[in-house]
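Residue strings, one per chain:
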Amino acid sequence: MTLEIIKLKNDKLIKIVLMVIFILNAQIFMLPLFSSVFKNINTYHNKLLITILSLLLFIYWLFVRYKAIEFDKSDLIILGLLLLMCILLFTQLISSGEKIQLLISNFYYNLILLLYFPLKSFFYNKKNLVWFIKMYVCIGIIYAVSTCVFFYFFQDYITQNNITLVQSVNSNIRFPQTSDLIGSTILFILIGMGTRLYSTKKAIIFLVICMYCLVEISNVRMITLISVILILSYFYTIILLNEVAYKKILFHLIVIVITCITLLKTNFFEKFIGIGQQQASVFYRFEVIDYYKNHFFDNIIFGFGFSDCVKNIYNYTDIGLMGFLFRYGMAISVWIIGLMYYFMKNLNSNIVNKMIFIYFIGMSISLSLFDSQRIIYFPIIFSIFSSSIKRGEMYEL
């Protein structure tokens, strides 16, 4: 059996496992509605199964990875984060006095970060990256359409059986849990455009479907805002790449003036902050910050870590990267600086990596890519970012 055939079989197995992982992440398209067989495994984002599959894929990668691949700075960033998490867990296991089961349950999903290594190797082959983008967008669109169907035709059933997280905000029902996958699908649609996988017409149809779901069904302001910024940034970049210098300057000025007038005329900031429960959620975040800042040094140079007692009062993920910092303490601040330096150093003219960076920054403001709900997205975007650098591709339009 030739090396090429072995690689093809390895890639096929990886594709199957990845498809299973992301269908699980899509809540099995809410199929528990039609079959009780799926209901038991459709837990909150199926994190346990996803973690197990990620760990198995990592172990498989260790045995079959290409010998020529060497560790680089991006690999050290992931290993550094996992090492800090493990040190903190060990410290709390021997000193906190909390139940081991609770500490482990608050830690285990971080092992999903190991998915980065097989993904990065997988993406060295550009054909695999193309397959992944198409697969991800396909799952995302199916999920968005199924979300619309269930929201309008099976809302009572979903509410009664906890098929997905349902909230009532100012007397309006919303499915906020659906926003993470749909928001990330918008990112991958734009990446698909940047790599010329989708025509503008097809991409716009996909974007309209996803944006409708975000605004009318998910109703999560921050992810909706991030998606709008991503879309505007992408098309803004396209226009600038096709203009001469003086036209670019004029275009910048026009966009700034129109943006300011639009924001003022539409009372955007008042609407974004919201009324009633929406407005209360904004002020709630200040309470969360005030609470968690007192736990910044709970474990010497670490924060409150995986303690179940501390995080039961407020949700630290509601304050984004600050919550991540308060959880892991002073030790993680060095890691964050290293991560940001790596991002900034490798943006260049790579439009795909620029979109990924905007997405990461946006998701760090009042959300977190490192909580149990969203952690799967970090190894995905970071592996695409680092593998494109390794291939030396710019994706210039």
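Everything numeric here is computed off the predicted structure, so don't read it as measured data. (Residues numbered from 1 in each chain as written. Predicted model: local features only at pLDDT ≥ 70, side-chain atom pairs only at ≥ 80, totals over all residues. Heavy atoms only, no water.)

### Describing the overall build of the protein
Working step 1: Across its full length, the protein holds 18 helices and two strands.
Working step 2: Within the protein, the proportion of its 397 residues that are buried is 49%.
Working step 3: Contacts in the protein between residues at least 24 apart in sequence constitute 75% of all its contacts with a sequence separation of at least 6. (Helix = DSSP H or I, 4+ residues; strand = E, 2+ residues; numbered from the N terminus. Buried < 20%, exposed > 50% of the residue type's maximum accessible area, 1.4 Å probe, protein only. Contact = heavy atoms within 4.5 Å.)

### Side note on the environment of Ile375
Working step 1: Checked against the element boundaries, Ile375 lands in the loop between α17 (351–362) and α18 (377–391).
Working step 2: When the C-alpha atoms of Ile375 and Tyr109 are compared, they prove to be 7.9 Å apart, with 266 residues separating the residues in sequence.
Working step 3: In this view, Ile375 contacts Lys47, Tyr109, Asn110, Ile112, Leu113, Leu369 and Phe370; residues no more than four positions away in its chain are not counted.

### Observations concerning the nonpolar core
Working step 1: Counting residues in hydrophobic clusters, the biggest one holds 113 residues, and the most contacted among them are Leu18, Phe22, Phe132, Trp335, Phe378 and Ile380.
Working step 2: The leading source of residues in this core is helix α6 (residues 126–153), at 14 residues.
Working step 3: Each residue touching Trp335, except ones within four places of it in the same chain, is listed here: Ile77, Gly80, Leu81, Leu84, Phe324, Phe370 and Phe378. (Core = buried A, V, L, I, M, F, W, Y, C linked by side-chain atoms within 4.5 Å.)

### Observations regarding the side chain of Ser387
Working step 1: Within the secondary structure, Ser387 sits in helix α18.
Working step 2: A relative accessible area of 0% means that Ser387 is categorised as buried.
Working step 3: Of note is the side chain of Ser387, whose polar atom sits 2.8 Å from the backbone oxygen of Ser383.
Working step 4: In terms of polar contacts, Ser387 uses its side chain to reach the backbone carbonyl oxygen of Ile384, at 3.2 Å.
Working step 5: When residues no more than four places from it in sequence are discounted, the contact partners of Ser387 are Lys120, Phe123 and Tyr124. (Polar contact = N/O pair within 3.5 Å; in protein donor to acceptor, adjacent residues only side chain to side chain.)

### Considerations on the side chain of Lys120
Working step 1: Mapped onto the elements, Lys120 comes out in helix α5 (residues 116–123).
Working step 2: The class for Lys120 is buried, based on a relative accessible area of 2%.
Working step 3: Here Asp72 takes part through its side chain, which lies 2.5 Å from a polar atom of the side chain of Lys120.
Working step 4: Sequence-distant contacts of Lys120, that is, excluding residues within four places in its chain, are made with Asp72, Ser74, Asp75, Ser383, Ser386 and Ser387.

### Quick word on the pattern of salt bridges
Working step 1: For the structure on display, the rule yields four salt bridges.
Working step 2: A salt bridge links Asp180 to Arg374; the shortest N-O distance between them is 2.7 Å. Placement of the pair is Asp180 in helix α8 (residues 179–194) and Arg374 in the loop between α17 and α18, with a sequence separation of 194 residues. Grouping residues by exposure puts Asp180 and Arg374 together as buried.
Working step 3: Sharing partners across several salt bridges, the network here consists of Asp72, Asp75 and Lys120. (Salt bridge = Lys/Arg side-chain N within 4 Å of Asp/Glu carboxyl O.)

### A look at α6
Note: α-helices contain 3.6 residues per turn, so residues at a spacing of three or four share the same orientation.
Working step 1: With 28 residues, α6 ought to run about 40 Å at 1.5 Å a step, and its terminal C-alpha atoms sit 41 Å apart, in line with that.
Working step 2: With a side-chain oxygen lying 2.9 Å from the backbone nitrogen of Lys127, the N-terminal cap of α6 falls on Asn125. (Expected span 1.5 Å × (residues − 1).)

### Observations concerning helix α3 (residues 73–95)
Working step 1: With 23 residues, α3 ought to run about 33 Å at 1.5 Å a step, and its terminal C-alpha atoms sit 33 Å apart, in line with that.
Working step 2: Among the residues of α3, those classed as buried are Ser74, Asp75, Ile77, Ile78, Leu81, Leu82, Leu84, Met85, Leu88, Leu89 and Gln92.
Working step 3: Following α3 by one or two positions, Gly97 adopts a phi angle in the positive range, close to 85°.

### What to know about unusual backbone geometry
Working step 1: Phi angles above zero are rare outside glycine, and Gln27 is one such case at about 55°.
Working step 2: Along the chain, Gln27 falls in the loop between α1 (3–25) and α2 (47–64).
Working step 3: On the basis of relative accessibility, which here comes to 1%, the residue Gln27 falls in the buried class.
Working step 4: The backbone phi angle of Arg196 is positive, close to 60°, even though this residue is not glycine.
Working step 5: When you line up the elements, Arg196 lands in the loop between α8 and α9 (200–218).
Working step 6: On the basis of relative accessible area, Arg196 is assigned to the exposed category, the value being 58%.

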